[in-house]
Amino acid sequence: MDSGEGAGEGAGGAARQEPGLRLFFALWPDSATSAALHARARTLQAECGGRAMRRDTIHLTLAFLGDTPAREVERLQALAAQLEGERFALVLDHVGSWKRNRVLWTGPSILPPALAALAQDLEARLRVAGFALEERAFSPHVTLVRTARVAPAAAPLTPLRWRVASFVLVASERSAAGAHYRVIGRWPLQQRG
Ligand code: ATP
Ligand code: MG
């Protein structure tokens, strides 16, 4: 996940001339879900070492824009407001690890069609609007632990049900304390039917 980070140029490659923001679209958990995800992160950390994500930083990335001129924010907000996604339940019933960057994550073993549609529609509109995105396929996951020493043993997991009713635009800001995420827009998903 972390390979190639920082390579995002954003629209027009103008990021170097203007103050830029490091932006991404994401699903942000409600407080009960983030508490449950944080508990899962701590359990994994106890088993595998590393650094558990802070509760307030836990999210699922939908589309990563990277460095983007600040003036593009309004266009991104308008684009997001035009999406007509549906609400869905995301069942996080799987834990995985990436050896490459020592990340432990949780994700759904079944991709809800409404999530696939939302990610696809968002990506398509971003490309049409001229935002440069990487070609890699969408792989929904929630990072829970970084710099893990070992991979977790395969163990039965209580599925965690996250009712997703909105999506957000986030600015990733770095400080001495690590990444801090600032939500700069939120859009509701429609009730199905
Ligand atoms: P840091 O990189 O400072 O350790 P971070 O990875 O949490 O912290 P960002 O790099 O700003 O913060 O990334 C924000 C989100 O976007 C994270 O979920 C990250 O995994 C994801 N992300 C970062 N780079 C990419 C990329 N090139 N493609 C897809 N997703 C990415
Ligand atoms: Mg990163």
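Keep in mind it's a predicted model, so treat the numbers as computed, not measured.

### Structural notes on the pairing of strand β4 (residues 88-98)
Relative to strand β7 (residues 160-164), β4 is paired through five bridges, and the arrangement is antiparallel. Paired with Val91 across the bridge in β7 is Arg161. Looking at chain direction, β4 and strand β5 (residues 103-108) are connected through six bridges and run antiparallel. By the bridge assignment, Ser97 is partnered in β5 with Leu104. Linking β4 back to β5 in an antiparallel pair, the connection comprises four residues, with Arg102 at a positive phi of about 60 degrees.

### Observations concerning helix α2 (residues 73-81)
Here α2 has its buried residues at Val73, Leu76, Leu79 and Ala80. Buried residues in α2, looked at end-on, bunch into an arc of 125 degrees, giving them a common side. In this structure, α2 carries Glu74 and Ala81 as exposed residues pointing more than 90 degrees from its buried face. Structurally, α2 contributes buried residues whose contacts are with β1 (20-27), β3 (60-69), α3 (113-128), β8 (166-175) and β9 (178-188).

### A closer look at the packing of aromatic side chains
For any pair of aromatic rings, geometry is given as the distance between the ring centres together with the angle between the planes. Across all of its chains, the model carries six aromatic pairs by this definition. On the numbers, 6.3 Å between centres and 50 degrees between planes, the contact of Phe25 with Trp187 is tilted. Here the residue Phe25 occupies a position in strand β1, and Trp187 occupies one in strand β9, the gap between them amounting to 162 residues. Look at Phe25 and you get buried, because its relative accessible area is 0%.

### Brief notes about the pattern of salt bridges
In this structure the tally under the stated criterion is nine salt bridges. Put simply, Asp121 and Arg125 hold a salt bridge, and the shortest N to O gap is 3.0 Å. Within this pair, Asp121 and its partner Arg125 are both found in helix α3, separated by four residues, close to a single helical turn. Notably, a salt bridge pairs Arg127 with Glu135, separated by 3.8 Å at the nearest N-O pair. Residue classification places Glu135 among the exposed residues on the basis of a relative accessible area of 68%.

### Considering unusual backbone geometry
Phi at Arg102 takes a positive value of approximately 60 degrees, unusual for a residue other than glycine. The backbone phi angle of Thr147 is positive, close to 50 degrees, even though this residue is not glycine. Locating Thr147 in the fold gives a position in the loop between β6 (142-146) and β7.

Rules of the game
Residues numbered from 1 in each chain as written. Chains lettered and ligands numbered in written order. Predicted model: local features only at pLDDT ≥ 70, side-chain atom pairs only at ≥ 80, totals over all residues. Heavy atoms only, no water. Pairing = 2+ DSSP bridges. Helix = DSSP H or I, 4+ residues; strand = E, 2+ residues; numbered from the N terminus. Buried < 20%, exposed > 50% of the residue type's maximum accessible area, 1.4 Å probe, protein only. Arc of directions from axis to C-beta. Contact = heavy atoms within 4.5 Å. Phe/Tyr/Trp six-rings, centres within 6.5 Å; stacked < 30°, edge-to-face > 60°. Salt bridge = Lys/Arg side-chain N within 4 Å of Asp/Glu carboxyl O.

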